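As a plain string of letters, each chain reads:
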Amino acid sequence: MALQSNDGEGKPPVTELPHSDMQALCQSDTIAALIFCLSVLALSGAHAPALPKGEPSPAFPKFVLLQKGSSPMKRRTFISLMSVMAAAGVLSLAGCSSNTSSSTASSTAASASASATAANKLETIQSNGKLVIALEGAWQPWSFHDESDTLVGYDVEVSRAIAEKLGLELQIDDMDFDAALLSVQQGKADIAMAGITVTDERMAVMSFSDSYATGIQSVIVPEGSDIASVDDLAGKKIGTQRGTTGYLYCSDDFGEDAVVAYDNGLTAVQALNNGQVDAVVIDNEPAKAYVESNPGLKILDTSYAEEDYAIGMAKGNTALLEAVNAALEELKADGTLQAIVDKYIKAE
Ligand code: ARG
């Protein structure tokens, strides 16, 4: 199939669904609630290690070369007993990595998960004719609403191009970041593209495409702050977005009591403006957008960690994974990805 240009013609229709909150993703019975809580714990609150830093992403070049000189702080990479238990709980209860769980207690959840996965099989997606993507439309420049309230951004255009390659209509489901992670695991969305960092913990409960970009965890502070490096965060209140690696790293390194988890990046930055937190740890591209629109804030020159972004989907969805990777590869080869990078990601 010939690749369409990015300027609008021949694009499949995009349907935006209303914002859904985390509660809506949760079944009402107790087991589902338990799975939900454990999943949130494993994905967001537990002390998950990041992927080893400084290693090249498996099959994809880094498009976002925005590192600011000094190398990222080396992070501790232990897995706490709690996170192992939480991950094990999620796996056995939700059957995320295996549909053959024999535990009686897990049967309801396991079968729910198995059918959710079946709902995202490539054949099913193809016969429905649409690819459902979960993203957060408040994540500039990856996916955000422009002045005319149109959802635009790198993730929006790349996912549209992937859908085109696969001959599918794109349906965008706009939600909170942590909800997007759960949405693909629960089979509500086929793919999630939301600046999702590949981590070991997440790889235990979902699959990832080849990496399409590099992200950096940056630190935003008020101008004149006595915080000059990541180490200076010790003893400070740190704002983060719920369910993100920023939250994870900070609670791991500085203790959960030091970290506040906000619904989204904007509310974290507002808390910084109001003096409720001393710093915000968040991905570098949104950080730049926040600092641009909030005079009096700055980004530290030293970054916290470097990460690989990839597209998430339900675990074991091999045919979909291969199709998405093949589409990405073609979009890279024909220059489409670079054109979208150039459009949205400002060179330093
Ligand atoms: N890269 C970080 C992570 O994976 C943060 C991503 C947040 N994405 C978003 N759309 N708010 O945890």
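Bear in mind that the values here come from a model prediction, so they are computed numbers and not experimental data.

Analysis parameters
- Residues numbered from 1 in each chain as written.
- Predicted model: local features only at pLDDT ≥ 70, side-chain atom pairs only at ≥ 80, totals over all residues.
- Heavy atoms only, no water.
- Helix = DSSP H or I, 4+ residues; strand = E, 2+ residues; numbered from the N terminus.
- Buried < 20%, exposed > 50% of the residue type's maximum accessible area, 1.4 Å probe, protein only.
- Contact = heavy atoms within 4.5 Å.
- Areas by Shrake-Rupley, 256 points an atom, 1.4 Å probe, with all protein chains shown as cover.
- Phe/Tyr/Trp six-rings, centres within 6.5 Å; stacked < 30°, edge-to-face > 60°.
- Pairing = 2+ DSSP bridges.
- Core = buried A, V, L, I, M, F, W, Y, C linked by side-chain atoms within 4.5 Å.
- Near = heavy atom within 4 Å.
- Polar contact = N/O pair within 3.5 Å; in protein donor to acceptor, adjacent residues only side chain to side chain.
- Nonpolar A, V, L, I, M, F, W, Y, C, P; charged D, E, K, R; others polar.
- 1 Å grid on protein atoms, 1.4 Å probe; cavity = no way out; pocket = protein on both sides within 12 Å on 5 of 7 lines; lining within 4 Å.
- Points joined across faces, edges and corners; volume = space filled by probe spheres on them.
- Salt bridge = Lys/Arg side-chain N within 4 Å of Asp/Glu carboxyl O.

(A) Inspection of the overall build of the chain at higher detail. Per the secondary structure count, the chain includes 12 helices and 13 strands. Counting over 348 residues, the chain shows a buried share of 55%. Partitioning the intrachain contacts of the chain with sequence separation of at least 6 by distance along the chain shows that 77% fall at a separation of at least 24. For the chain, the accessible surface area stands at approximately 14100 Å², while carbon and sulfur atoms represent 54% of it.

(B) Looking closely at the packing of aromatic side chains. Considering all chains together, one arrives at eight aromatic pairs under this definition. Between Trp 142 and Tyr 309, the ring centres sit 5.4 Å apart and the planes meet at 80°, which makes this aromatic pair edge-to-face. Here Trp 142 is found in the loop between β3 (138–139) and β4 (143–145), whereas its partner Tyr 309 is found in strand β13 (residues 305–314), with 167 residues between them in sequence. Comparing Trp 142 with Tyr 309, the two get one shared label, buried. Summarising the aromatic geometry, the rings of Phe 144 and Tyr 344 are spaced 6.3 Å apart at their centres and angled 85° between planes, so their arrangement reads as edge-to-face. One end of the pair, Phe 144, is in strand β4; the other, Tyr 344, is in helix α12 (residues 336–344), and 200 residues separate them in sequence. Here Phe 144 matches Tyr 344 in class, with each residue buried. Linked through ring pairs, Trp 142, Tyr 154, Tyr 212 and Tyr 309 together constitute an aromatic cluster.

(C) Looking closely at the pairing of strand β2 (residues 130–135). Among the six residues in β2, five count as buried, and that is most of the element. Pairing of β2 with strand β6 (residues 169–175) involves six bridges; the strand directions are parallel. Bridging from a neighbouring strand, Ala 134 pairs with Asp 173 of β6. Taken together, the two bridges between β2 and strand β7 (residues 191–192) define a ladder with parallel strand orientation. Looking at the pairing, Ile 133 lines up with Ile 191 of β7.

(D) Structural context of the nonpolar core. Membership of the largest hydrophobic core comes to 53 residues, with the highest contact counts inside it found for Leu 131, Tyr 154, Ile 162, Ile 220 and Ile 311. By residue number, the principal contributor to this core is helix α11 (residues 318–333), which donates seven residues. Setting aside chain neighbours within four positions, we find Tyr 154 in contact with Pro 141, Trp 142, Met 193, Tyr 212, Leu 337, Ile 340, Val 341 and Tyr 344.

(E) Focus on the site of the ligand. Taken together, 15 residues are adjacent to the ligand, and Glu 136, Ala 194, Thr 197, Thr 245 and Asp 283 come closest. Contact between the ligand and Gln 241: a nitrogen atom at 2.7 Å from a side-chain N or O atom of the residue. Here Thr 245 contributes a backbone N or O atom positioned 2.7 Å from an oxygen atom of the ligand. Protein chains bury 100% of the 340 Å² of accessible surface belonging to the ligand in isolation. Looking at side-chain class alone, the shell around the ligand contains five nonpolar, six polar and four charged residues.

(F) Molecular detail of the layout of surface pockets. Taken as a whole, the second largest pocket spans an internal volume of roughly 250 Å³. Around the second largest pocket, the lining is made up of 13 residues, and of these Ala 138, Trp 139, Gln 140, Phe 144 and Tyr 290 lie nearest the centre. For the lining of the second largest pocket, the secondary-structure elements that each account for two or more residues are β3, β4 and α10 (284–293). In terms of residues, the lining of the second largest pocket owes the most to one element, α10, which gives four residues. In terms of residue class, the lining of the second largest pocket is built from seven nonpolar, six polar and no charged.

(G) Broad picture of the pattern of salt bridges. Inspection of every chain in the model, using the stated rule, returns 10 salt bridges. With a closest N to O distance of 2.6 Å, Asp 178 and Arg 242 form a salt bridge. Pair noted here: Asp 178 is in helix α6 (residues 177–185) and Arg 242 is in the loop between β9 (238–241) and α8 (245–254), with a separation of 64 residues, a long-range link. Looking at Arg 242, the relative accessible area reads 22%, which means it is partly exposed. As a salt-bridge pair, Lys 332 and Glu 329 come within 3.2 Å of each other at their nearest N and O atoms. Taken together, the positions of Lys 332 and Glu 329, both in helix α11 and three residues apart, correspond to about one turn of that helix. On the accessibility criterion, Glu 329 (32% relative accessible area) is partly exposed.

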